[in-house]
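Secondary and tertiary structure notes
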Amino acid sequence: MGKQVLTTCPYCGSGCQLYLNVENGKIVSSTPANGRTNEGNLCLKGHYGWDYLNDPQILTKRLTKPQIRKNGVLEEVEWDEAINYTAKRLNEIKEKYGPDSIMGTGCARGSGNEANFVMQKFMRAAVGTNNIDHCARVCHAPSVAGLQYSLGSGAMSISIPEIEDTKLLFVIGYNPAESHPIVARRIVKAKQKGAKIIVADPRITETARISDMHLQLKGGSNLALVQAMGNVIIAEGMVDQKFVDDHTLGYEEYKKTVEKYTPEYVESICHLPAETIRQAAREYAKAERAAILWGMGVCQFGQAVDVVKGLASLALLTGNFGGPSMGVGPVRGQNNVQGGCDMGALPNCYSGYQNVTDDAAREKFEKAWGVKLPKENGIPLTQVPHHVLDVKDEKKKLHAYYIFGEDPGQSDPDLNEMREALDKLDFVVMQDIYMNKTGLKADVILPATAWGEHDGVYSSADRGFQRIRKAVEPKGDLKTDWEIICLVSTAMGYPMSYKNTKEIWDEMRSLTPSFFGATYEKIEELGCVQWPCRDESMEDKGTPYLHKGGIFAHPNGKANFFATEWRAPGEIEDVEYPYTLSTVREVGHYSVRTMTGNCRTLTNLEDEPGWIQMSPEDCEKLNLKQGELIRVNSRRGSVMTRVMPTERVKTGATYMTYQWWIGACNELTVPYLDPVSNTPESKYCAINLEKIDDQAWAEKQVKDSYESIRKNMGIDAAEKGCRI
Amino acid sequence: MNYFVKGNPDLCIGCRTCMIGCVVAHEGVKIFQMKPGEYVFNPKLDIIKTATITMPVQCKHCENPACMNVCAVGAIQMIDNAVMVLQDKCIGCKTCMIACPYGAINMVVSSDGKKQLDGSERVVANKCDLCTGIDGGPACIRVCPTAALKLVTEEDVETSVSNKRTAAAISLAQVKEY
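Note that the structure is a prediction, hence the values are computed from the model and not measured. Within each chain, residues carry numbers counting from 1 in the order of the written sequence. In the order they appear in the text, chains get letters beginning with A and ligands get numbers beginning with 1. Two thresholds apply to this predicted model, a pLDDT of at least 70 for residue-level local features and 80 or more for giving and counting side-chain atom pairs, whereas whole-chain, interface and lining totals are computed over all residues. Side-chain figures throughout are based on the complete set of non-hydrogen atoms in the structure, without hydrogens or water.

1. Describing the overall build of chain A
This is how it is decided: Labels follow the DSSP assignment, with helices taken as runs of H or I lasting at least four residues and strands as runs of E lasting at least two, numbered in each case from the N terminus. Throughout, radius of gyration means the C-alpha value; the globule benchmark is 2.2 Å times the number of residues raised to the power 0.38. When accessible area is computed with a 1.4 Å probe and restricted to protein chains, residues below 20% of their type maximum are described as buried, those above 50% as exposed, and intermediate ones as partly exposed. Working rule for contacts: check all heavy atoms of both residues, and any pair within 4.5 Å makes them a contact. The accessible surface values rely on the Shrake-Rupley method and a 1.4 Å probe; as for residues, cover is taken only from the protein chains in view.
Helices and strands together make up the secondary structure of chain A, namely 25 helices and 28 strands. Computed over its C-alpha atoms, the radius of gyration of chain A comes to 24 Å, within 12% of the 27 Å expected for a compact globule of 724 residues. In terms of its C-alpha atoms, chain A occupies a principal-axis envelope of roughly 70 × 70 × 60 Å. By the burial criterion, 68% of the 724 residues in chain A qualify as buried. Considering only intrachain contacts with a sequence separation of at least 6, the fraction spanning at least 24 residues in chain A is 73%. Working note: accessible area of chain A is about 23,600 Å², and carbon and sulfur atoms make up 49% of it.

Structural data, given as structure tokens:
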């Protein structure tokens, strides 16, 4: 007998609704559902990305039993042993070095909001530290920090469906066709409905291709461009002065700082003609309502928070807040990276962005959880290597790392350094669904259920709480993430237990005023509830757009302007490393590929070792042909990948998708961080390119590397072969 | 008149969902239960990207098909408004692939599992068949998230021609005799 289960797609923050079609306990296909954001459409990941649940063992293998490293080798054990061992080791380390010697992660992927809430509660209440963070740190942390400062709320102010009804879209450092096809659909629709589109991106992206204006700026020059646009809007008298006077602070200072950022001044920084910048600023300022969308091309720079504040300032200058189809849209990458932040898997706040340094908030959580909570902000994710490798005082060092649903051994910058840190840590716990590179360094492996095997709530990129539902029974000796964390917590002496995810959600709501009204019943009834939603009654249906009427989320209701000096990227190309490298996304793959790398048709379309996009001129200069294997070197590492000549990139610039294990571009990237958000500069580092004369040898190297990865990941049968 | 699927570069975002949709429609959802090397992955359309264009390219189902005219063994035939490759008859001579001006034909390992007499793989011509015989019609159209693909039928062409002629009449009427 077949059944259909309605759920939320586990890839990207678009929050698409789909039905999983289940026969004989197995998922056989998916069907698009009429969700708020996807309206009966899915991209390739939504259509075919559920396949990893059938464990075809293409890249890695599903974890099915707890494991403990004994004499250097991971051995399967029973749950009791794994839980007690984990609790004992964590307690020992806590006793010896203090609670701040332990770090934990949240999970922006399949686990769901409830598991994240339980994890941050565990770290804060059971371990006693605010050392919890998750991969929002390596993506939209600058948006959260920047918008929190500017507007008082770090999320998208606009809703995904509203995008198609705006009059002008300014898309900067964001390639929705690759990262959110279902958001790209709204942009295509906006264009069809007559909206003007301005794109600022060093590459000709799909959006740039259909844009009215493409500002093909030099990588790393975002702030100069954004402030020059502000300069033009002020100089040409296009400021919405009433909005600025009534709703903002800091305008005079902003005006002073951007004064020198004339289009002529930034011409040489941005590699754009001054007149083009003027025209873009005029178009943006005169649009009846305009929205700004951005992604990693803004965030993954050493100067990211400043650019976010700069973009918010543009919207403030022109009064583009207060109604639908306007404002700002930092479009969150992973399916639940918004949720990880919402639930407080961050070193500085509890659920609903309540600061750990705020005495009233902390006392509320202390009372509810019956324990004293730490007052100081914790360590951000990207500072983990520093706190393991560089800090000398044993009491201030990190000694243990509880990694829940993340793979820092693949996703973080400068992987050599990260791996060294994982080696040096006294104790590493890995809780995941698939074996991954972090697992190779783990002392304990706790196998969890995956999306499709458990219930919960995800937060879409535009603040929408939506249900995920269990469709199939997990195969193996698995537990849900929140159950595992509760067991470890209880074994450590801080008992936690819940009957189901609803019970966790209700506890979270009771402590989080801005989410209080989003009950399971309401989410069930409406399909989606966008926060803030403060009242439990059905009258409060949530909030499609933020800052209604120009009332901002700061206590005084005002927004803040901000401008500062532009800084060049941290590592500039030179004679030895003459090309720049930026990491980008592969549309059919996701994150570290433990999920999509184990989906048959998605790997048929693209597989290891991935590509490096280069201009045809550079290819000609280096005598490189399409598909040829090439060596890419930076000061930190060296990897092999395939050459993809494309007219869509400028000479001197190269792009690699970060999903690959063999062509792993994070072996090359630089751990140069934004000083406020600690986000790495994945979009800019210097590399050189080395032609490989013996292509047959190179092909064999790639094939052998793939085989060895599969063997390391525990895949027993090598006979399946890999099509590379 | 033969039908054909037309891609719209103003709507296409190059995500290639259509290419997988094509394979799944032709091979069936059974591939999700098979070992990764045991089925063939032969999309019958391709997404082409230049500096300014992104769009799917596939068989136009020509009225006077070059591929059909050059096929020496009659493996390409016009059946029910579509130009079809009969893979059973195909000898893999590649002449149709060379003849097609749209590059809509490529050579692939046959998906029916049939082998040559010596047990080696059969290589045959592969091209869009408009999902003839598949429920719901062309899969590429059905799965596309931006509605960038459209089936063009005789009626569409007639309406389009008739609309264009009306528009032409209106504009021509404004031109004075000279």
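2. Some thoughts on the environment of Glu-363 of chain A
As for its position among the elements, Glu-363 of chain A is in helix H16 (residues 359-369). Each C-alpha atom, one on Glu-363 of chain A and one on Lys-711 of chain A, is 50 Å from the other, the two residues being 348 residues apart in sequence.

3. Some remarks on the interface of chain A and chain B
Stated precisely, the cut-off is as follows: The buried area of a pairing is the accessible area, by a 1.4 Å probe, that goes missing from both parts when the two are put together, added over both. Here, a salt bridge means any side-chain nitrogen of Lys or Arg that lies within 4 Å of a carboxyl oxygen of Asp or Glu. A 3.5 Å cut-off defines polar contacts: any pair of N or O atoms within that distance qualifies, except that in protein one atom must be a possible hydrogen donor and the other a possible acceptor, and neighbouring residues in sequence count only when both atoms are side-chain atoms. Asp, Glu, Lys and Arg are counted as charged, while Ala, Val, Leu, Ile, Met, Phe, Trp, Tyr, Cys and Pro are counted as nonpolar; the rest, among them Gly, fall into the polar class.
At the interface, 40 residues of chain A touch 32 residues of chain B. With both chains or domains summed, chain A and chain B bury close to 2,900 Å², and 58% of this area falls on carbon and sulfur atoms. Summed over the three residues of chain A that lose the most area to chain B, namely Tyr-48, Arg-209 and Arg-600 of chain A, the buried surface amounts to 20% of that side. At the surface where chain A touches chain B, the tally comes to three salt bridges. Put simply, Glu-586 of chain A and Arg-16 of chain B hold a salt bridge, and the shortest N to O gap is 4.0 Å. Viewed at the interface, chain B and chain A are joined by 19 residue pairs in polar contact (both at pLDDT 80 or more). Those elements that place two or more of their residues in the side of chain A that touches chain B are strand S3 (26-32), helix H1 (44-48), helix H5 (176-179), helix H6 (181-192), helix H7 (206-209) and helix H23 (600-605) of chain A. The biggest single contributor to the side of chain A that touches chain B is H6 of chain A, with six residues. Here the side of chain A that touches chain B is built from residues that sort into 19 nonpolar, seven polar and 14 charged.

4. Quick word on the UniProt feature "domain: 4Fe-4S Mo/W bis-MGD-type" (unreviewed entry) in chain A
For the record, the criterion: UniProt positions are given in the numbering used here, feature names are shortened, and annotations may be inferred rather than shown by experiment.
The feature "domain: 4Fe-4S Mo/W bis-MGD-type" (unreviewed entry), as annotated in UniProt, sits at residues 2-57 of chain A in this numbering. Taken end to end, residues 2-57 of chain A is 9% helix and 38% strand, and its two terminal C-alpha atoms sit 25 Å from one another.

5. So, the sheet that holds strand S12 (residues 290-294) of chain A
The strands that make up a sheet pair up through hydrogen bonds in the backbone, lying either parallel or antiparallel. Residue and element names in this part refer to chain A. Let me state the cut-off plainly: In short, DSSP must find at least two bridges between two strands for them to pair. Helix axes use the C-alpha atoms of the stretch in contact, all axes being lines fitted to C-alpha atoms, and the angles between their N-to-C directions lie in the range 0 to 180 degrees.
Taken together, the five strands give an open sheet; going across it, the order is S10-S9-S8-S12-S13, and neighbouring strands pair in parallel fashion. Of all the strands in the sheet, just strand S10 (213-215) and strand S13 (327-330) have a single pairing partner and so form its edges. Direction aside, neighbouring strands of the sheet carry axes that sit 15 degrees apart on average.

6. Concerning the pairing of strand S5 (residues 73-76) of chain A
All names here are of chain A. For strand S4 (residues 67-70) and S5, the ladder comprises four bridges, and the chain directions are antiparallel. By the bridge assignment, Gln-67 is partnered in S5 with Glu-76. Taking the residues that link successive antiparallel strands as the turn, the S4-S5 hairpin has two residues, and the phi of Asn-71 there is positive, at about 50 degrees.

7. Concerning the packing of helix H2 (residues 79-97) of chain A against helix H20 (residues 481-491) of chain A
Residues and elements named next belong to chain A. The condition that has to hold: An angle below 35 degrees is read as roughly parallel, one above 145 as roughly antiparallel, one from 65 to 115 as roughly perpendicular, and any other as oblique. Crossing chirality is assigned from the near helix's rotation relative to the far helix, an anticlockwise turn below a right angle marking it left-handed and a clockwise turn marking it right-handed.
With their axes 8 Å apart at the nearest point, H2 and H20 run at an angle of 55 degrees to one another. If you check the angle between H2 and H20, you find them oblique. You can see that H2 and H20 cross each other, and the crossing is right-handed. The segment H2 lies against H20, with Trp-79, Ile-83, Asn-84, Thr-86, Ala-87, Leu-90 and Asn-91 engaging Ile-484, Leu-487, Val-488 and Ala-491.

8. Remarks on the domain arrangement of chain A
Residue and element names in this part refer to chain A. Selection rule: Where a domain begins and ends is set by an automatic assignment or by a domain database.
For chain A, the assigned domains are domain 1 (2-54), domain 2 (67-127 + 342-532), domain 3 (141-331) and domain 4 (579-712). One C-alpha centre belongs to domain 1, the other to domain 2, and the line joining them spans 26 Å. Every contact between the two is made by 22 residues of domain 1 and, on the other side, 21 residues of domain 2. Between domain 1 and domain 2, roughly 1,700 Å² of surface is buried when both sides are summed, and carbon and sulfur atoms account for 55% of that area. Among the residues domain 1 hides against domain 2, the three largest losses belong to Arg-36, Tyr-52 and Leu-53. Together they make up 34% of the total.

9. Thoughts on a negative patch on the surface
Residues and elements named next belong to chain B. Spelled out, the test is: Candidate patch residues must exceed 30% relative accessible area and have no salt bridge, after which like charges are joined if within 9 Å and Val, Leu, Ile, Met, Phe, Trp or Tyr side chains if within 5 Å. The positive count covers Lys and Arg only, the negative count covers Asp and Glu only, and His and the chain ends enter neither. Throughout, a charge is located at the NZ atom of Lys, the CZ atom of Arg, the CG atom of Asp or the CD atom of Glu.
On the surface, a cluster of negative charge is contributed by Glu-63, Glu-154, Glu-155 and Glu-158. The topology assignment puts Glu-154 in helix H5 (residues 154-173). Classification of Glu-154 by relative accessible area gives partly exposed; the value is 35%.

10. Brief notes about the pattern of salt bridges
Residues and elements named next belong to chain A. Taken as a whole, this structure holds 62 salt bridges over all chains when the rule is applied. Where Glu-81 meets Lys-70, a salt bridge forms, and the shortest distance between an N and an O atom there is 2.9 Å. On the criterion of sequence distance, the pair formed by Glu-81 in helix H2 and Lys-70 in strand S4 is long-range, its members being 11 residues apart. The closest approach of N and O atoms between Asp-212 and Lys-191, which form a salt bridge, is 3.6 Å. Here Asp-212, found in the loop between H7 and S10, pairs with Lys-191, found in helix H6; they are 21 residues apart in sequence, far enough to count as distant. Classification of Lys-191 as partly exposed rests on a relative accessible area of 28%. Several salt bridges share partner residues, and in doing so they unite Glu-39, Glu-164, Asp-165, Arg-185, Arg-186, Lys-189 and Lys-193 into one network.

11. Re the sheet that holds strand S19 (residues 456-459) of chain A
Residue and element names in this part refer to chain A. Taken together, the three strands give an open sheet; going across it, the order is S19-S20-S21, and neighbouring strands pair in antiparallel fashion. The sheet terminates laterally at S19 and strand S21 (529-530), the two strands that pair on one side only. Of the strands in this sheet, S19 and strand S20 (464-468) are in contact with helix H3 (residues 113-127), which crosses S19 at around 90 degrees.

12. As for the nonpolar core
Applied cut-off: Remark: nonpolar core denotes a set of buried residues (Ala, Val, Leu, Ile, Met, Phe, Trp, Tyr, Cys) joined through side-chain atoms within 4.5 Å.
Of all hydrophobic cores here, the largest spans 126 residues; its most connected members are Phe-122, Phe-170, Tyr-284, Trp-294, Leu-311, Leu-314 and Tyr-402 of chain A. Per-domain counts for this core show at least three residues from each of domain 2 (67-127 + 342-532) and domain 3 (141-331) of chain A. Those residues in contact with Leu-314 of chain A that lie beyond four places of it in its chain are Phe-170, Val-226, Met-229, Gly-230, Ile-233, Tyr-254, Tyr-284 and Ile-292 of chain A. Counting 95 residues, the second largest nonpolar core, distinct from the first, contains Tyr-52, Val-171 and Ile-204 of chain A together with Val-108 of chain B.

13. Brief notes about the packing of aromatic side chains
Residue and element names in this part refer to chain A. The line we're drawing: The aromatic pairing rule takes the rings of Phe, Tyr and Trp, using the six-membered ring of Trp, and pairs them if the centres are within 6.5 Å, calling planes under 30 degrees apart stacked, those over 60 edge-to-face and the rest tilted. Definition used: whenever NZ (Lys) or CZ (Arg) falls within 6 Å of the ring centre and also within 35 degrees of the ring normal, the charge is taken to sit over that ring.
Under the counting rule described, the total for this entry stands at 22 aromatic pairs over all chains. Ring geometry for Phe-117 against Trp-369: centres 6.1 Å apart, planes inclined by 70 degrees, an arrangement best described as edge-to-face. Here Phe-117, found in helix H3, pairs with Trp-369, found in helix H16; they are 252 residues apart in sequence, far enough to count as distant. In this structure Trp-369 comes out as buried when scored by relative accessible area, which is 5%. Relative to Phe-552, the ring of Phe-243 lies with its centre 6.3 Å away and its plane at 90 degrees, an arrangement referred to as edge-to-face. Here the residue Phe-243 occupies a position in helix H9 (residues 241-247), and Phe-552 occupies one in the loop between S21 and strand S22 (559-560), the gap between them amounting to 309 residues. Its relative accessible area of 3% is what places Phe-552 among the buried residues. Through a chain of ring-to-ring contacts, the aromatic side chains of Tyr-353, Phe-465, Trp-505, Phe-515, Tyr-520 and Trp-531 assemble into a single cluster. Its end group placed over the ring of Tyr-655, Arg-203 keeps NZ or CZ at 5.0 Å from the ring centre.

14. A closer look at the environment of Ile-197 of chain A
Residues and elements named next belong to chain A. You can see Ile-197 is positioned in strand S9 (residues 196-200). A residue is classified by how much of its surface remains accessible, and Ile-197, at 0% relative accessible area, is buried. When the C-alpha positions of Ile-197 and Glu-283 are compared, they lie 9.6 Å apart, and in sequence the two are 86 residues distant. Apart from the residues lying within four places of it in its own chain, the contact partners of Ile-197 are Leu-169, Ile-187, Lys-191, Thr-207, Ile-210, Ser-211, Asp-212 and Met-213.

15. Comments concerning unusual backbone geometry
Residues and elements named next belong to chain A. The amide bond that connects Trp-531 to the next residue, Pro-532, takes the cis arrangement and shows omega of 0 degrees. Geometrically, the link from Glu-608 to Pro-609 is a cis peptide bond, its omega value of 0 degrees lying close to zero. Relative to the helices and strands, Pro-609 resides in the loop between H23 and strand S24 (611-614). For Tyr-353, which is not a glycine, the phi torsion comes out positive at approximately 60 degrees. Here the phi dihedral of Asn-678 falls at roughly 60 degrees; this positive angle occurs in a residue that is not glycine.

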